[in-house]
Amino acid sequence: MDFSGFATNARPLSKGSAVKALVLSGGSGARLRPISHSMPKQLIPVANRPVLEYVIDDIRRLGVTDIAIVVGSWATQIQQALGDGSRFGVHLTYLRQDLPLGLADALRRAGPFLGDDDFVMYLGDNVLREGVAEIAEEFRRTRPAAQLVVHKVADTRAYGVAEVDADGRVLRLVEKPERPRSDLAVVGVYFFTSAIHASVAAIEPSARGELEITDAIQRLVADGAPVRAREYTGFWRDVGEIEHVLDCNRRLLEDLRHRVTGTVEGGAELRGPVVVEDGARVVRSRVTGPAVIGAGTLVEDAEIGPGTAVGRGCLLRSTSLADSVVLDGASISFAGPFARSVIGRSATVGPAGARAGGRAAHRLVVGDHAGVEVAARPDGAG
């Protein structure tokens, strides 16, 4: 995909804020099934780019180009998607973590790569739309043993929670507390000096059998090492759930710049910022942005609403779709309307018999290569 249709909100940072980067991409994505049955969650596209590409872009804007990616069972797919990193202007090293033994275990395995260098650790399923340049700059200036990125959330029980004093010093770090004493959730971006390695070596597996990064950081706190937190106030999601994927897709499409290199014909209408990529055709249809139509896709007699990203080589005919993600090669030929849907690669959605329509929006989450036949109701309501 040509990324010139997207604006960037992150500000470049002078080199030196961290020397290396560690990206963790070994998660299974159980809450994203059926999509994650056939692809890792870190490669799920939002605004027609895999999440991992946004992670790499954010790291590169910090001036960091030496990046290790920890991979698990999806190692081959991730390596095929990213290659050696040269097209992103970085150098990628792949490290294997065959069993999900925790974030601190992944960091431990990366010890030989990281050496004594300062580094940023970034979870590969996180999207931080505004980037972390200012927080990285603070880490460069002050060089605490650890600098955490935190974000205020209404319910922190599902997160690592940081208790912080008025000066930003971390007093305590707790993983998924039943009664949180803070509304600051730890975002999946951390800045470390080499002091973290001794803490990782000193901790024991948690009750769930993993080496927890929160335990390692809490060890730093207990030993009196400087650990600081900085609040990130921009848009943040991890793509661990379908709703989060759709939220990320809509928000990132807001950065779209109107661009048409494909074909718009037959009285088709584009409203707002829309990207129609090379070889794509929009025929007798209306597309309301922000939306992107991937290369080689045909949109015919259809209505595409805002917040929709359609991948490459798709067919959308006689349908209505909004606020959705359609992956490469998918085919939809059913009136719908569909909203807040995710359609997997090469999946097909079509009528079982007579063409159906309706007033209420259908919602679908369809895995790769699936086929869905939607039967028409006798009253024609779909």
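Residues numbered from 1 in each chain as written. Predicted model: local features only at pLDDT ≥ 70, side-chain atom pairs only at ≥ 80, totals over all residues. Heavy atoms only, no water.

A.B. asks: Sorry, what's going on with helix H5 (residues 133-142) here?
C.D. replies: For an α-helix, 3.6 residues make a turn, and residues three or four places apart therefore share a direction. Among the residues making up H5, those that are buried are Ala133, Ile135, Ala136, Glu137, Glu138 and Phe139. Of the surrounding secondary structure, the elements contacted by the buried residues of H5 are strand E8 (146-152), strand E11 (184-192) and strand E12 (227-231). (Buried < 20%, exposed > 50% of the residue type's maximum accessible area, 1.4 Å probe, protein only. Helix = DSSP H or I, 4+ residues; strand = E, 2+ residues; numbered from the N terminus. Contact = heavy atoms within 4.5 Å.)

A.B. asks: Help me out: how do you make sense of the packing of helix H6 (residues 195-202) against helix H7 (residues 213-222) in this one?
C.D. replies: Helix-helix packing is characterised by the crossing angle of the two axes and by the distance between the axes. Between H6 and H7, whose axes approach to 8 Å, the crossing angle comes to 110°. Taken together, H6 and H7 sit at an angle that is classed as roughly perpendicular. Seen along the crossing, H6 lies across H7 with a hand that is right-handed. In this structure, H6 uses Ala195, Ile196, Ser199, Val200 and Ala202 to contact H7, whose residues at the interface are Ala216, Ile217, Arg219 and Leu220. A per-class count over the contact of H6 with H7 returns seven nonpolar, one polar and one charged. (Axes fitted to C-alpha atoms, helices over the stretch in contact; angles between N-to-C directions. Parallel < 35°, antiparallel > 145°, perpendicular 65-115°, else oblique. Left-handed = near helix turned anticlockwise from the far one by under 90°. Nonpolar A, V, L, I, M, F, W, Y, C, P; charged D, E, K, R; others polar.)

A.B. asks: What's the story with the environment of Pro177 in this structure? I'm lost.
C.D. replies: Relative to the elements of secondary structure, Pro177 occurs in the loop between strand E10 (170-175) and E11. Measuring from C-alpha to C-alpha, the distance between Pro177 and Val161 comes to 7.5 Å, with 16 residues separating the pair along the chain. If sequence neighbours within four positions are ignored, Pro177 has contacts with Thr156, Arg157, Tyr159 and Val161.

A.B. asks: What is the right way to read the nonpolar core from this model?
C.D. replies: Across soluble globular proteins, nonpolar side chains show a tendency to be buried alongside one another. Counting residues in hydrophobic clusters, the biggest one holds 57 residues, and the most contacted among them are Val23, Ile59, Ile67, Leu82, Leu128, Val189 and Phe191. Those residues within four positions of Leu128 in sequence are excluded, and the remaining contacts are Asp58, Tyr122, Val187, Val189, Tyr232, Phe235 and Trp236. Counting 36 residues, the second-largest nonpolar core is a separate cluster that includes Val170, Phe192, Ile213 and Val227. (Core = buried A, V, L, I, M, F, W, Y, C linked by side-chain atoms within 4.5 Å.)

A.B. asks: When you look at unusual backbone geometry in this model, what are you seeing that I'm missing?
C.D. replies: Excluding glycine, residues mostly carry a negative phi; peptide bonds, for their part, are mostly trans. Cis geometry marks the peptide bond from Gly289 to Pro290, where omega comes out at 10°. Tracing the backbone shows Pro290 in the loop between strand E19 (286-288) and strand E20 (291-293). The backbone of Asp301 sits at a positive phi, close to 50°, despite the residue not being glycine. The residue Asp301 is located in the loop between strand E21 (298-300) and strand E22 (303-304) in this model.

A.B. asks: For this particular structure, what's the right way to read H6?
C.D. replies: If you check which residues of H6 are buried, you get Ile196, His197, Ser199 and Val200. Each buried residue of H6 sits inside an arc of 165° when the element is viewed along its axis, so together they form one side. Opposite its buried face, H6 presents the exposed residues Ala198 and Ala201, each directed more than 90 degrees away. (Arc of directions from axis to C-beta.)

A.B. asks: I keep staring at the side chain of Glu138 and nothing clicks. Help me out?
C.D. replies: Relative to the elements of secondary structure, Glu138 occurs in helix H5. Within the structure, the side chain of Glu138 is placed 2.6 Å from the side chain of Arg230, a separation counted as a polar contact. The contact partners of Glu138, leaving out residues within four places of it in the chain, are Arg143, Gln147, Arg228 and Arg230. (Polar contact = N/O pair within 3.5 Å; in protein donor to acceptor, adjacent residues only side chain to side chain.)

A.B. asks: Can you walk me through the confidence of the model for the protein chain in this structure?
C.D. replies: In regions of low pLDDT, the predicted coordinates are not meant to be interpreted in detail. On average, the protein chain scores 86 in pLDDT, and the residues at 70 or more come to 84%. Below a pLDDT of 50 lies the segment residues 354-358, which in the model reaches 16 contacts outside its immediate sequence neighbourhood of four places, other chains included. (pLDDT = per-residue confidence, 0-100.)

A.B. asks: Help me understand the packing of aromatic side chains, please; the structure alone is not making it clear to me.
C.D. replies: The geometry of two aromatic rings is summed up by the distance between their centres and the angle between their planes. Tallied over the full model, the rule gives five aromatic pairs. Centroid distance Phe119 to Phe192: 5.4 Å. Interplanar angle 45°. Geometry classified as tilted. Of the two residues, Phe119 is situated in strand E6 (residues 119-123) and Phe192 in strand E11; the sequence distance between them amounts to 73 residues. Ring pairing ties together the aromatic residues Phe119, Tyr190 and Phe192, which thus form one cluster. Taking NZ or CZ as reference, Lys20 lies 5.0 Å from the ring centre of Phe113, over its face. (Phe/Tyr/Trp six-rings, centres within 6.5 Å; stacked < 30°, edge-to-face > 60°. Lys NZ or Arg CZ within 6 Å of the ring centre and 35° of its normal.)

A.B. asks: Even after reading the chapter, I still don't get the sheet that holds E22, so can you show me in this structure?
C.D. replies: Note: strands within a sheet are paired through backbone hydrogen bonds, in either parallel or antiparallel orientation. Sheet architecture is open: five strands sit in the order E16-E19-E22-E25-E28, paired in parallel fashion. Taken across any chain shown, the strands that pair with only one partner, and hence form the sheet edges, are strand E16 (269-271) and strand E28 (338-339). (Pairing = 2+ DSSP bridges.)

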